[in-house]
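A closer look at the structure
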Amino acid sequence: MSSYLSETLMVCKAHTWKATVLPDGRWLLYNQTEHQAITLAATAGILWELCDGRTPVAGLIQQLQDLYPKAQTEQLKADIQRMIHSLLEQELVIIPETPAS
Amino acid sequence: MLSFQRRLHLDRELDLLITASRRHLSADQQVHAAALLADGSDPQRLYNLAETHHLKMVLYRGLIQLGAASPLRDRLEREAAEQALFYEFVYPQQLAAVLAALDAAGIRALILKGYALGQAVYDQPVLRAYTDFDLLIPPDQIMQAAHILTELGYTRDTSHDYPPDYDQQHHHLVPYVHPEWLPVELHQRLVTPQGSLHIDYDSVWAQAQRIDIDGTAAETLSVEHLLIYLALHAACNHLFNVGLRALCDMCEVIAAREVPWTQVVADCRAWGCTRQVYMMLRIASEFYGPIAPEAVFAQLCPQGIAPEFLNYGITNVLETTMAGLKTSSGLAEVWQSPDPAQRWWAILARFFPPSSEVARTYDLANTDWKRWLYYPRWQARLMQRHLATGLSLLRSDPATLERAQQEAVRRDLIDWMSKA
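Residues numbered from 1 in each chain as written. Chains lettered and ligands numbered in written order. Predicted model: local features only at pLDDT ≥ 70, side-chain atom pairs only at ≥ 80, totals over all residues.

**Re the overall build of chain B**
Here is the rule we go by: The way it works is that DSSP assigns letters per residue, a run of H or I at least four long becomes a helix, a run of E at least two long becomes a strand, and they are numbered from the N terminus. Restricting the calculation to C-alpha atoms gives the radius of gyration, and the globule rule supplies 2.2 Å times the number of residues raised to the power 0.38. Whether a residue is buried, exposed or partly exposed is read from the other C-beta atoms within 10 Å of its own C-beta, which are placed from the backbone; 20 or more gives buried, 12 or fewer gives exposed, and intermediate counts give partly exposed. This entry defines residue contacts through backbone-placed C-beta atoms, with two residues in contact when those atoms are within 7 Å.
Counting secondary structure elements, chain B contains 20 helices and 7 strands. Compactness check: chain B gives a C-alpha radius of gyration of 24 Å against a globular reference of 22 Å for 420 residues, within 12% of the reference. Overall, chain B is about 70 × 55 × 40 Å in size when its C-alpha atoms are taken along their principal axes. Burial status across chain B gives 40% buried among its 420 residues. A sequence separation of at least 24 residues applies to 68% of the contacts in chain B between residues at least 6 apart.

**Let's talk about the domain arrangement of chain B**
In plain terms, the rule: Each domain's limits were defined by an automated method or a database of domain assignments.
When its domains are assigned, chain B resolves into domain 1 (12-69), domain 2 (79-316) and domain 3 (326-418). A separation of 45 Å is found between the C-alpha centroids of domain 1 of chain B and domain 3 of chain B.

**A look at the sheet that holds strand E1 (residues 10-13) of chain A**
Residues and elements named next belong to chain A. Heads up, the condition is: Here the rule is simple: two strands pair whenever DSSP picks up at least two bridges between them.
Across the sheet, 3 strands lie side by side as E5-E1-E6; this open sheet has antiparallel pairing. Because the sheet does not close on itself, it has two edges, and the strands there are strand E5 (52-56) and strand E6 (93-94). In the sheet, E1 pairs with E5 via 2 bridges, with the strands oriented antiparallel. Residue pairing in the sheet places Cys 12 in a bridge with Asp 52 of E5.

**Side note on the interface of chain B and chain A**
Often, the extent of an interface is quoted as the loss of accessible area upon association of its parts. Listed by partner, the interface residues are 13 residues for chain B and 9 residues for chain A. At the level of elements, helix H4 (56-66) and helix H5 (71-104) of chain B are the ones that each hand at least two residues to the side of chain B that touches chain A. The leading source of residues in the side of chain B that touches chain A is H5 of chain B, at 7 residues.

**Describing the pairing of strand E3 (residues 27-31) of chain A**
Residues and elements named next belong to chain A. Within E3, 4 of the 5 residues are buried, which leaves it mostly tucked inside the rest of the structure. The turn linking strand E2 (residues 17-21) back onto E3 is made up of 5 residues, and Gly 25 within it adopts a positive phi angle of 95°. Linking E3 back to strand E4 (residues 36-40) in an antiparallel pair, the connection comprises 4 residues, with His 35 at a positive phi of about 55°.

**Regarding the confidence of the model for chain B**
Caution is warranted with low-pLDDT regions, since their predicted coordinates should not be read in detail. All names here are of chain B. Using the following cut-off: Across the chain, each position has a pLDDT score giving the predictor's confidence in that residue, from 0 to 100.
When the pLDDT values of chain B are averaged, the result is 91; 98% of them are 70 or greater. In this model residues 1-6 is a low-confidence stretch, pLDDT under 50, and it forms 12 contacts with partners more than four residues away in sequence or in other chains. Both scores are given for the predicted complex: the pTM is 0.85, the ipTM 0.82.

**A closer look at the nonpolar core**
The line we're drawing: Put simply, a nonpolar core is buried Ala, Val, Leu, Ile, Met, Phe, Trp, Tyr and Cys residues tied into one set by C-beta atoms within 7 Å.
If you look at the biggest cluster of nonpolar residues, it comprises 129 residues, and the most contacted ones within it are Leu 17, Leu 135, Leu 247, Met 250, Met 280 and Ala 284 of chain B. Counting residues in hydrophobic clusters, the runner-up holds 6 residues, among them Leu 331, Ala 332, Trp 335 and Leu 393 of chain B.

**Focus: helix H3 (residues 73-89) of chain A**
Residue and element names in this part refer to chain A. Just so we agree on the cut-off: One less than the residue count of a helix, multiplied by 1.5 Å, gives the span that helix is expected to have. Arc definition: it is the arc formed by the directions from the helix axis to the C-beta atoms.
Taking 1.5 Å of rise per residue, 17 residues should cover 24 Å, and H3 covers 24 Å from first to last C-alpha, within 8% of that figure. When H3 is considered as a whole, its buried residues turn out to be Ile 80, Met 83, Ile 84 and Leu 87. When H3 is viewed along its axis, its buried side chains cluster within an angular range of 100° and face the same direction. Turned more than 90 degrees off the buried face of H3, the exposed positions are Glu 74, Gln 75 and Glu 89. Elements in contact with the buried residues of H3: E1, helix H1 (42-50), helix H2 (57-67) and E6. Positioned one or two residues after H3, Glu 91 has a phi angle of 60°, which is positive.

This is the structure in structure tokens:
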């Protein structure tokens with residue numbers, strides 16, 4: 001299990017990736033410079049889209065909680081922590097040095 | 001479920017493909033499709049049909065709407081990501097690069113079909129398969145546009161034996177191919193000029209609509225012109241051997257956009273293409289239910305359409321071939337005569353044409369005595385081209401007789417449409 005990310009941390013989509021939503025709701029991300037492609041499950045794709053460099057992790061959790069009101073809060077928090085770690089590992093999101101304006 | 005099932009036998013896979021390729025499935029259609037899926041439909045045949053008609057991703061969309069898990073859906077799910085990679089990212093980048101180069105040279109280009117339909121009509125480029133970029137270019141700029149393509153690494157396609165006057169006779173130049181990018185077809189017209197057709201290109205350009213491609217501003221046809229163009233492309237360029245994708249395109253335009261039908265009818269009348277558009281709308285309605293208001297059909301073609309024309313169009317759509325005997329068209333035509341003496345008289349007349357026709361064929365003067373020496377050559381050529389078909393007709397081979405009959409319908413249909 002990866003280390004716990006602070007809920008005040010802000011993450012931002014890496015600009016080299018472009019995204020589209022597939023007919024089944026999955027997200028396809030394409031790196032134009034490296035010519036790489038990655039598919040994400042619907043929730044991970046939405047989370048990636050929400051990573052704007054201004055919203056802290058707590059805000060991302062809240063937005064996804066609003067989208068999935070039936071999800072258990074603790075489970076959702078754990079899932080989002082895991083997903084952000086995964087996005088960071090794949091360099092789909094970055095931690096900006098300064099918050100995005 | 002489908003209105004023409006009584007006339008044409010539809011197997012369950014074809015029925016399923018047609019039902020599932022609708023943008024929105026009604027509750028009844030969902031029940032019907034689910035029953036077909038559960039009732040032993042062959043997934044491999046369904047997949048092959050979707051591939052033939054370029055509707056794999058549209059079928060996938062339909063299967064998602066049905067919600068039923070199946071190995072075919074899993075297969076299409078695996079393909080969806082790869083298809084999307086090309087249709088959503090790679091191809092738009094190539095198209096944007098081509099358009100940017102044309103724009104930098106001051107050349108205006110309208111995107112026809114392909115990506116424009118995927119993005120602006122289907123709402124997801126991956127749903128609309130295509131194999132090239134079709135661009136309408138003002139005729140006075142088309143050679144300059146071709147030059148720009150060569151600067152991007154494109155070359156004229158040499159894989160086919162194009163006649164020397166192809167560029168002048170056809171509605172687009174010989175395709176331009178690229179080692180890595182999709183081919184480009186530069187269109188100087190929407191369709192090859194024929195019959196009573198007179199497209200108002202000034203209004204086509206004036207009413208073009210903006211579209212965004214990979215961050216590059218581009219242009220495509222207005223809704224009314226897109227609908228007319230789709231019909232003309234199917235009717236005039238392919239005589240309806242376009243597969244179900246072309247019908248799907250029409251249905252998607254009508255379902256996704258507000259169609260100004262009054263303007264469509266007015267433009268069809270002004271352009272002399274009421275019959276072509278009527279026929280395409282009728283064929284699409286046979287498959288997908290009424291897709292246009294009844295009044296539009298009445299205004300486009302008050303006298304309706306001969307059933308044999310409609311059946312011919314439907315056959316071509318389904319078979320994705322042009323039914324008939326195109327290479328022996330004249331022979332097929334004379335064979336429709338019920339009087340054997342008339343048939344033979346027509347055939348003899350073809351074997352011994354006026355000497356002026358022989359002279360013209362072999363580039364001789366009308367008075368050149370050598371034209372008489374060319375008759376054996378003329379007759380040998382006829383035999384070479386039509387002997388096999390002629391013998392089959394003499395033997396009353398049912399398949400050849402049917403094709404001869406279809407050929408007669410084909411000729412009559414072309415004639416009928418040309419008098420719109």
